[in-house]
Amino acid sequence: MGCGSCSTGGGCSPAGCKSNGSCLTNGCSKLDVYDWLSHMDMPVNYKPFSIVEIKFKGSRKEFYINTDNVYLENGDLVVVEAATGGYDIGHISLTGELVRMQLVKRRVKEEDVLKKIYRRATPADVDKWKAAKDMEWETMHSARKLALSLNLSMKLSDVDYQADKSKATFYYTAEGRVDFRELIKKMAETFRIRIEMRQIGMRQEASRLGGIGSCGRELCCSTWLTDFKTVSTSAARYQNLSLNTLKLAGQCGKLKCCLNYELDTYMDALKHIPENVNYLKTLKGDARLQKTDIFKKQMWFSYPREESWIAVPLARVKEIQQMNKDGVLPDDLLVFVEVETEPIKALDYENVVGQDSLTRLDERNRNNNKKKNKSRNKNRPNPNSPNGAQPQPTNVAGQPNNSNSRQPRPQGPRPEGGNNIANPGAQARPQGPRPEGGNNNRNRNRNNNNRNRPSPDGNRGGGGEPPKE
């Protein structure tokens with residue numbers, strides 16, 4: 001059953017429920033039992049177990065007989081017989097064969113279960129039950145005022161109304177015996193109901209009220225813990241905890257139940273630690289015990305007038321303890337053994353993938369960028385050539401030079417000035433594609449003029465200076 005039923009005010013612990021039907025701390029499913037037999041098919045001649053378990057306010061559970069064999073499921077509201085007359089309403093918490101196992105666990109015989117289930121709760125029964133639950137808060141505060149007026153050393157923690165409004169149970173805590181006969185008379189006159197006083201302990205009170213512990217989770221006693229065992233200060237001593245009551249006490253004012261959770265583990269570990277080791281005698285002085293690390297199996301000692309502590313293994317502590325019994329004093333707490341260290345051999349595969357270099361990725365990226373730039377410059381087309389082909393070295397006549405004696409022109413973008421690298425003083429040739437036949441015609445006319453010019457000896461085609469007149 002979800003929190004939809006708990007929002008009505010009954011059937012679950014006060015902690016963890018909201019009026020909108022949402023549960024924050026799992027308070028409604030406290031002490032729920034998972035029915036792992038629900039999906040199994042029973043035999044044909046199987047007769048369902050007639051006893052069911054019903055849960056009431058404050059995690060109170062009782063067993064009832066289903067005499068009319070009414071089909072019931074977990075979470076159903078049913079009207080049951082009350083112990084002192086009348087009727088009460090509760091939720092079905094467990095049915096089937098698991099109830100038989102719960103009877104064996106709680107040591108209850110089937111013959112001792114005498115209370116009966118009357119019927120399923122009708123809307124009229126539910127409305128009356130809600131009205132009874134709404135009266136609990138005001139009744140508790142009125143009863144507290146009456147207890148203060150009578151100077152009773154008791155604390156009223158909770159009130160539980162019966163569904164038919166014929167009886168109210170008051171739960172209180174007190175350190176000693178309380179004479180509340182006068183209080184019962186005044187409450188009976190005020191509330192006009194039958195009164196039952198029930199004394200509970202501090203842990204039961206915290207279980208009924210609920211809350212958040214120092215660990216940040218809901219209290220164990222209000223969620224799953226049912227057996228409250230005695231917790232002593234020796235549990236804190238065994239676990240090397242400081243005996244601070246503010247840290248060891250829970251909301252109930254008693255020692256926290258969680259001190260017993262890991263106590264068995266500590267007790268098993270303490271079996272290997274020597275007892276009565278307050279100090280160890282050495283030639284250097286008496287070393288006093290300061291701390292014991294149970295799980296690491298170490299004991300910390302310190303010499304007088306020294307602030308540093310020395311961690312000694314348990315085997316060494318037992319050895320020194322036996323030496324002191326024999327009247328022998330060791331030189332020191334620890335035994336220093338010289339260990340010959342071999343030189344570290346350098347492995348051949350130590351730097352195979354460059355795992356010892358922190359900048360190996362940067363160097364690899366730098367080399368890759370250089371290779372990409374070279375290949376990009378090498379394949380870049382020439383903007384001055386008509387077809388975008390690479391330039392070829394030419395001779396004086398403008399013809400391609402295929403000789404291997406000349407060095408090829410360096411690759412890459414041309415500097416400013418075009419082809420006049422060898423003659424810096426010359427003007428730069430205009431950039432852009434050359435007109436077809438332009439330079440070739442000029443060179444051809446120049447060669448023809450040189451060929452027709454007379455040489456100094458009177459032959460044509462000389463190319464020298466003309467004779468002076």
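Up top you'll find the structure we're talking about.
Worth saying up front: this structure is predicted, and the values here are computed from it rather than measured.

Cut-offs and rules
- Residues numbered from 1 in each chain as written.
- Predicted model: local features only at pLDDT ≥ 70, side-chain atom pairs only at ≥ 80, totals over all residues.
- Heavy atoms only, no water.
- Pairing = 2+ DSSP bridges.
- Helix = DSSP H or I, 4+ residues; strand = E, 2+ residues; numbered from the N terminus.
- Axes fitted to C-alpha atoms, helices over the stretch in contact; angles between N-to-C directions.
- Contact = heavy atoms within 4.5 Å.
- Buried < 20%, exposed > 50% of the residue type's maximum accessible area, 1.4 Å probe, protein only.
- Core = buried A, V, L, I, M, F, W, Y, C linked by side-chain atoms within 4.5 Å.

Engineer: Sorry, what's going on with the sheet that holds strand β3 (residues 77-81) here?
Structural biologist: Strand pairing in a sheet relies on backbone hydrogen bonds, with the paired strands running either antiparallel or parallel. Reading across the sheet, the five strands line up as β2-β1-β4-β3-β5 and stay open at both edges, with antiparallel pairing between neighbours. Strands with a single pairing partner mark the edges of an open sheet, and in this sheet they are β2 (61-65) and β5 (117-120). Taken over all neighbouring pairs, the strand axes of this sheet differ in orientation by 45° on average, direction set aside. Pairing of β3 with β5 involves three bridges; the strand directions are antiparallel. Bridge assignment links V78 to a residue of β5, and that residue is R120. Sheet contacts for helix α2 (residues 97-105): β1 (51-55), β2 and β4 (87-94); angle to β1, the most-contacted strand, approximately 75°.

Engineer: Teacher, can you tell me more about the environment of A82 here?
Structural biologist: Mapped onto the elements, A82 comes out in the loop between β3 and β4. Overall, the relative accessible area of 9% leaves A82 in the buried class. Considered as a pair, A82 and D164 are 82 residues apart in the sequence and their alpha carbons are 9.8 Å apart. The contacts of A82, once residues within four sequence positions are left out, are Y87 and Q162.

Engineer: How should the nonpolar core be read in this particular structure?
Structural biologist: A general tendency of soluble globular proteins is for nonpolar side chains to be buried together. Ranked by size, the top nonpolar core spans 22 residues in total, and within it M154, L156, F170, Y172, L183, M187 and M197 carry the most contacts. Mapped onto this core, the elements with two or more residues apiece are α4 (136-149), β6 (155-161), β7 (167-173), α5 (181-191) and β8 (194-199). Element by element, the count of residues in this core is highest for α4, at four residues. When neighbours within four sequence positions are excluded, L156 is seen to be in contact with M140, A143, R144, F170, Y171, Y172 and M197. Counting residues in hydrophobic clusters, the runner-up holds 15 residues, among them A287, I294, F301 and V317.

Engineer: Would you take a moment to explain the pairing of β4 for this structure?
Structural biologist: Residues in a regular strand project their side chains so that they alternate between the two faces of the sheet. Burial analysis of β4 places eight of its eight residues in the buried class, the great majority of the element. Summarising the sheet, β3 and β4 pair through five bridges and their orientation is antiparallel. Residue pairing in the sheet places E81 in a bridge with Y87 of β4. Here β3 folds back onto β4, and the loop between the two strands holds five residues, one of which, G85, carries a positive phi near 95°.

Engineer: When you look at the environment of T173 in this model, what are you seeing that I'm missing?
Structural biologist: Counting through the fold element by element, T173 comes out in strand β7. Between the C-alpha atoms of T173 and G201, which are 28 residues apart in sequence, the distance is 6.0 Å. Aside from chain neighbours lying at most four places away, what touches T173 is M154, K155, I200, G201, M202 and E205.

Function-wise, these values are silent; they only describe arrangement.
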